[in-house]
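Chain by chain, the residues:
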Amino acid sequence: MRRKQEVIQRSAHSVVLNDVRRVYGRGNSSVVALDGVSIGFARGSFTAVMGPSGSGKSTFLHCAAGLDQPTSGTVSIDDQPLAGLSERRLTELRRERIGFVFQSFNLLPALTVWQNVTLPQELDGRRTNRAAVREVLERVGLGDKYKSRPGELSGGQQQRVAIARALVARPAVIFADEPTGALDTQTAADVLELLREPVHTQGQTVVMVTHDPVAASYADQVVFLADGALAGSMLAPTAEQVADRLTHLGARAARLAAVR
Ligand code: ADP
């Protein structure tokens with residue numbers, strides 16, 4: 001009964017940032033990396049976060065994923081406010097509800113594909129659901145590579161292992177940081193399709209930082225950051241529209257830098 005109520009009360013957003021500020025350093029040398037960002041990411045949505053270099057994208061992703069703490073403001077993931085959680089609870093929450101995909105794959109070279117995918121669950125002391133691992137490896141096209149080690153795989157295959165690892169625990173949200181940055185165009189397209197698929201079939205939420213307009217065009221919406229603040233959004237983006245908006249934001253950032 002209680003469980004049913006919890007399900008009913010789940011909010012429409014799996015990630016919510018409310019007036020998040022992140023200031024690095026103190027005094028004269030302090031840098032305001034995020035300047036009061038408020039945004040919610042709907043369940044079952046795929047969002048790309050874009051902006052000129054230094055606009056706060058990495059800081060945004062780290063704060064949203066509970067890897068860094070805002071100086072002020074709040075972040076909730078899957079209806080759980082992160083503020084005040086012990087480091088241990090935060091680690092548990094990240095393992096249970098968040099998947100990560102990084103540009104550099106972050107696989108352990110000594111472990112097999114299977115071991116890399118199941119490692120987070122092992123670390124958590126949870127029993128591996130072998131059927132779920134097999135299913136997710138099939139889904140990313142690596143069903144026959146489960147005994148391989150990362151060094152025996154191409155870059156695209158390694159990123160697919162990382163995506164399988166992120167998907168297997170069925171997290172509420174996947175944060176991806178330049179997931180296609182190290183891949184060629186065709187491989188990048190395959191990886192983006194794999195990221196997009198569970199959004200629509202399983203209601204997962206994906207938040208992806210990228211500087212690539214083509215990658216961003218796979219998302220349902222793009223949100224733009226400039227100078228640590230939200231600077232608009234775009235639904236059903238095309239690569240051309242995104243590139244155009246980025247050019248304008250970049251020019252504005254350069255003008256602002258020049259007058260400082
Ligand atoms: P982006 O990912 O868009 O390039 P970042 O989030 O990395 O932007 O950086 C936003 C601003 O915060 C930049 O001015 C950057 O120099 C500054 N910054 C980022 N990390 C640190 C840090 N650890 N210490 C001091 N300043 C930082």
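Going by the structure above, here's the rest.
What you see is a predicted model; the values in this text were computed from it and never measured.

Caption draft 1: Region of the structure containing the packing of aromatic side chains. Here the structure, examined in full by the defined rule, presents four aromatic pairs. Between Phe 41 and Phe 60, the aromatic rings sit 6.1 Å apart at their centres with planes inclined by 75°, giving edge-to-face as the arrangement. You can see Phe 41 sitting in strand β2 (residues 31-42) and its partner Phe 60 sitting in helix α2 (residues 57-64), a full 19 residues away along the chain. Residue Phe 41 shares its accessibility class with Phe 60, and that shared class is buried. Arranged with centres 6.2 Å apart and planes meeting at 70°, the rings of Trp 114 and Tyr 146 form a pair that is edge-to-face. In this pair, Trp 114 is assigned in helix α4 (residues 113-123) and Tyr 146 in the loop between α5 (130-139) and α6 (155-167), connecting sequence segments 32 residues apart.

Caption draft 2: Up close: the sheet that holds β2. Across the sheet, four strands lie side by side as β2-β1-β4-β5; this open sheet has antiparallel pairing. Of all strands in the sheet, those bounded by a partner on one side alone are β2 and β5 (80-81). As paired elements, strand β4 (residues 72-77) and β5 share two bridges and run antiparallel to each other. Bridge assignment links Ser 76 to a residue of β5, and that residue is Pro 81.

Caption draft 3: Just the pairing of strand β1 (residues 13-24), in detail. Taken together, the nine bridges between β1 and β2 define a ladder with antiparallel strand orientation. Bridging from a neighbouring strand, His 13 pairs with Ala 42 of β2. Count of turn residues in the β1/β2 antiparallel hairpin: six residues, of which Gly 25 carries a positive phi of about 75°. Where β1 meets β4, five bridges bridge the pair, whose relative direction is antiparallel. Counterpart to Arg 21 in the pairing with β4 is Ser 72.

Caption draft 4: Spotlight on the site of the ligand. Near the ligand the following residues occur: Tyr 24, Val 31, Ala 33, Pro 52, Ser 53, Gly 54, Ser 55, Gly 56, Lys 57, Ser 58 and Thr 59. Contact distances for the ligand include 2.8 Å between an oxygen atom and a side-chain N or O atom of Ser 58. Looking at the shell around the ligand residue by residue, the class counts come to four nonpolar, six polar and one charged.

Caption draft 5: Examining the pattern of salt bridges more closely. Summed over all chains, the structure comprises 11 salt bridges. For Arg 97, the salt bridge goes to Asp 78, with nearest N and O atoms at 3.8 Å. Linking Arg 97 in helix α3 (residues 87-97) with Asp 78 in the loop between β4 and β5, this pair joins segments that are 19 residues apart in sequence. You can call Asp 78 buried: its relative accessible area is 14%. The closest approach of N and O atoms between Arg 196 and Glu 193, which form a salt bridge, is 3.1 Å. Within this pair, Arg 196 and its partner Glu 193 are both found in helix α7 (residues 185-202), separated by three residues, close to a single helical turn.

Caption draft 6: Inspection of the side chain of Asp 68 at higher detail. With respect to the helices, strands and loops of the structure, Asp 68 is situated in the loop between α2 and β4. One polar contact links Asp 68 to Arg 22, side chain to side chain, over a distance of 2.9 Å. Here Asp 68 is in contact with Arg 22, Tyr 24, His 62 and Cys 63, once residues within four sequence places are set aside.

Caption draft 7: Up close: the side chain of Thr 128. Among the secondary structure elements, Thr 128 is positioned in the loop between α4 and α5. There is a polar contact of 3.4 Å between the side chain of Thr 128 and the side chain of Glu 122. Those residues in contact with Thr 128, other than ones at most four positions away along the chain, are Thr 118, Gln 121, Glu 122 and Val 133.

Caption draft 8: The nonpolar core, seen in detail. Formed by 46 residues in total, the largest nonpolar core has its most connected members in Val 117, Leu 137, Ile 163, Met 208, Val 222 and Phe 224. With seven residues, the top contributor of residues to this core is α7. Setting aside residues up to four positions removed in sequence, Phe 224 forms contacts with Met 50, Ala 229, Leu 230, Ala 231, Gly 232, Ser 233, Met 234, Val 242, Arg 245, Leu 246 and Leu 249. Residues Leu 90, Val 207, Val 209 and Val 223 belong to the second largest nonpolar core, which totals 27 residues.

Cut-offs and rules
- Residues numbered from 1 in each chain as written.
- Predicted model: local features only at pLDDT ≥ 70, side-chain atom pairs only at ≥ 80, totals over all residues.
- Heavy atoms only, no water.
- Phe/Tyr/Trp six-rings, centres within 6.5 Å; stacked < 30°, edge-to-face > 60°.
- Helix = DSSP H or I, 4+ residues; strand = E, 2+ residues; numbered from the N terminus.
- Buried < 20%, exposed > 50% of the residue type's maximum accessible area, 1.4 Å probe, protein only.
- Pairing = 2+ DSSP bridges.
- Near = heavy atom within 4 Å.
- Polar contact = N/O pair within 3.5 Å; in protein donor to acceptor, adjacent residues only side chain to side chain.
- Nonpolar A, V, L, I, M, F, W, Y, C, P; charged D, E, K, R; others polar.
- Salt bridge = Lys/Arg side-chain N within 4 Å of Asp/Glu carboxyl O.
- Contact = heavy atoms within 4.5 Å.
- Core = buried A, V, L, I, M, F, W, Y, C linked by side-chain atoms within 4.5 Å.

Geometry only, nothing functional implied.
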